Amino acid sequence: EDQVTQSPEALRLQEGESSSLNCSYTVSGLRGLFWYRQDPGKGPEFLFTLYSAGEEKEKERLKATLTKKESFLHITAPKPEDSATYLCAVKDYGGSQGNLIFGKGTKLSVKP
Amino acid sequence: GAGVSQSPSNKVTEKGKDVELRCDPISGHTALYWYRQSLGQGLEFLIYFQGNSAPDKSGLPSDRFSAERTGGSVSTLTIQRTQQEDSAVYLCASSWDSVEQFFGPGTRLTVL
């Protein structure tokens, strides 16, 4: 059964304090791993897709990396506006469903 | 360009009533998904439409839930005889390649 586990559940950082969020996954065949950002009261906002181990993608202060078992979302010198819940999801090659399997998210708070 | 839109943004109903939630996908996207997000839980897949193929209904929690997609575009999720446990945010997503999914703002359903 496909599973996605995110840690920590919540993370509090001071502005400028770099850190990483973890997403561990179990799938029979990884079609893609996705990171989303979700602000309160809004739908998830697409950030990155990673397809194979060793792949990295960057966007502003965010960098996503992928291994065969987990993905990290590195946040460099975060700002208060980076505060949000970050969701990780995977898509499996197998099965008939077209859906993504989501983790429960990491709630990030960045204090000025 | 316009993103995924959903209506209404908020819906309050009484237990036992039927509700309809609407999703307008991104123009040209052939895949459409419905998810449910309950407080403290990850996104839960409900149903998936791909082009003219029969929908994947494997995530629908009971026969009170149904969805249709007319003309390969707009979709309506219907919940009959609503129960308090149906209270959640219902999210719609669309995709052009059935891999990367782009979400709407959601409909917050409250069943009293």
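Just above, that's the structure.
Residues numbered from 1 in each chain as written. Chains lettered and ligands numbered in written order. Predicted model: local features only at pLDDT ≥ 70, side-chain atom pairs only at ≥ 80, totals over all residues. Heavy atoms only, no water.

Overview of the pairing of strand S11 (residues 106-111) of chain A
Within a regular strand, side chains alternate between the sheet's two faces. Residue and element names in this part refer to chain A. Judged from the five bridges that link them, strand S2 (residues 10-14) and S11 form a sheet pairing that is parallel. When the sheet's bridge partners are listed, Ala10 is paired in S11 with Lys107. In terms of strand pairing, strand S9 (residues 84-92) meets S11 through three bridges, oriented antiparallel. Within S11, the position partnered with Tyr86 by the bridge is Thr106. (Pairing = 2+ DSSP bridges. Helix = DSSP H or I, 4+ residues; strand = E, 2+ residues; numbered from the N terminus.)

Some remarks on the side chain of A:Gln6
Residue and element names in this part refer to chain A. Here Gln6 lies in strand S1 (residues 3-7). A distance of 2.9 Å separates the side chain of Gln6 from the backbone oxygen of Tyr86, its partner in a polar contact. A polar contact is formed between the side chain of Gln6 and the backbone nitrogen of Gly105, at a distance of 3.0 Å. Apart from the residues lying within four places of it in its own chain, the contact partners of Gln6 are Asn22, Cys23, Trp35, Tyr86, Leu87, Cys88, Gly103, Lys104, Gly105 and Thr106. (Polar contact = N/O pair within 3.5 Å; in protein donor to acceptor, adjacent residues only side chain to side chain. Contact = heavy atoms within 4.5 Å.)

Section: the pattern of salt bridges
Side chains that differ in charge, positive against negative, can pair when their charged atoms come close. Evaluated as defined, the whole model comprises seven salt bridges over all chains. Two residues, A:Arg37 and A:Asp39, come together in a salt bridge whose shortest N-O distance is 3.0 Å. (Salt bridge = Lys/Arg side-chain N within 4 Å of Asp/Glu carboxyl O.)

Quick notes on the nonpolar core
Ranked by size, the top nonpolar core spans 24 residues in total, and within it A:Tyr25, A:Leu33, A:Trp35, A:Leu73 and A:Tyr86 carry the most contacts. No other element matches S9(A), which puts four residues into this core. Every residue in contact with A:Tyr86, bar those within four places of it in the chain, is listed here: A:Gln6, A:Leu21, A:Trp35, A:Tyr36, A:Arg37, A:Leu47, A:Leu62, A:Leu73, A:Gly105, A:Thr106 and A:Leu108. In this structure, B:Val4, B:Leu46, B:Leu109 and B:Val111 belong to the second largest nonpolar core, which totals 20 residues. (Core = buried A, V, L, I, M, F, W, Y, C linked by side-chain atoms within 4.5 Å. Buried < 20%, exposed > 50% of the residue type's maximum accessible area, 1.4 Å probe, protein only.)

Quick notes on the packing of aromatic side chains
Applying the stated criterion to the full structure yields 10 aromatic pairs over all chains. Their ring planes at 85 degrees and their centres at 5.4 Å tell us that A:Tyr36 and B:Phe103 sit as a pair that is edge-to-face. With A:Tyr36 in strand S4 (residues 30-38) and B:Phe103 in strand S9 (residues 102-103), the pair connects residues from two separate chains. Accessibility classification places A:Tyr36 together with B:Phe103 in one group, the buried group. Between the aromatic rings of B:Tyr33 and B:Tyr48, the centroid separation amounts to 4.8 Å while the plane-to-plane angle is 10 degrees, which identifies the pairing as stacked. With B:Tyr33 in strand S4 (residues 31-37) and B:Tyr48 in strand S5 (residues 43-50), the pair connects residues that are 15 residues apart, well separated along the chain. For B:Tyr33, a relative accessible area of 0% corresponds to the buried category. Three or more aromatic residues link up through ring pairs in this structure, and these residues are A:Tyr36, A:Phe46, A:Phe102, B:Tyr33, B:Tyr35, B:Phe45, B:Tyr48, B:Phe102 and B:Phe103. (Phe/Tyr/Trp six-rings, centres within 6.5 Å; stacked < 30°, edge-to-face > 60°.)

Regarding the environment of B:Asp56
Residues and elements named next belong to chain B. Tracing the backbone shows Asp56 in the loop between S5 and strand S6 (65-69). Between the alpha carbons of Asp56 and Tyr33 there is a distance of 9.5 Å; along the sequence they are 23 residues apart. Only 2.7 Å separates the side chain of Asp56 from the side chain of Ser58, close enough to count as a polar contact.

Here we look at the interface of chain B and chain A
By a frequent convention, interface size equals the accessible area lost on bringing the separate parts together. Of the residues lining the interface, 20 residues belong to chain B; the matching set on chain A comes to 21 residues. Of the roughly 1600 Å² buried where chain B meets chain A, counting both sides, 56% is carbon and sulfur surface. One can count zero salt bridges joining chain B with chain A. Connecting chain B to chain A are four residue pairs in polar contact (both at pLDDT 80 or more). Among the elements of the structure, S4, S5 and S9 of chain B are those that each provide at least two residues to the side of chain B that touches chain A. Counted by class, the side of chain B that touches chain A contains 10 nonpolar, eight polar and two charged residues. (Buried area = accessible area lost by both parts, 1.4 Å probe. Nonpolar A, V, L, I, M, F, W, Y, C, P; charged D, E, K, R; others polar.)

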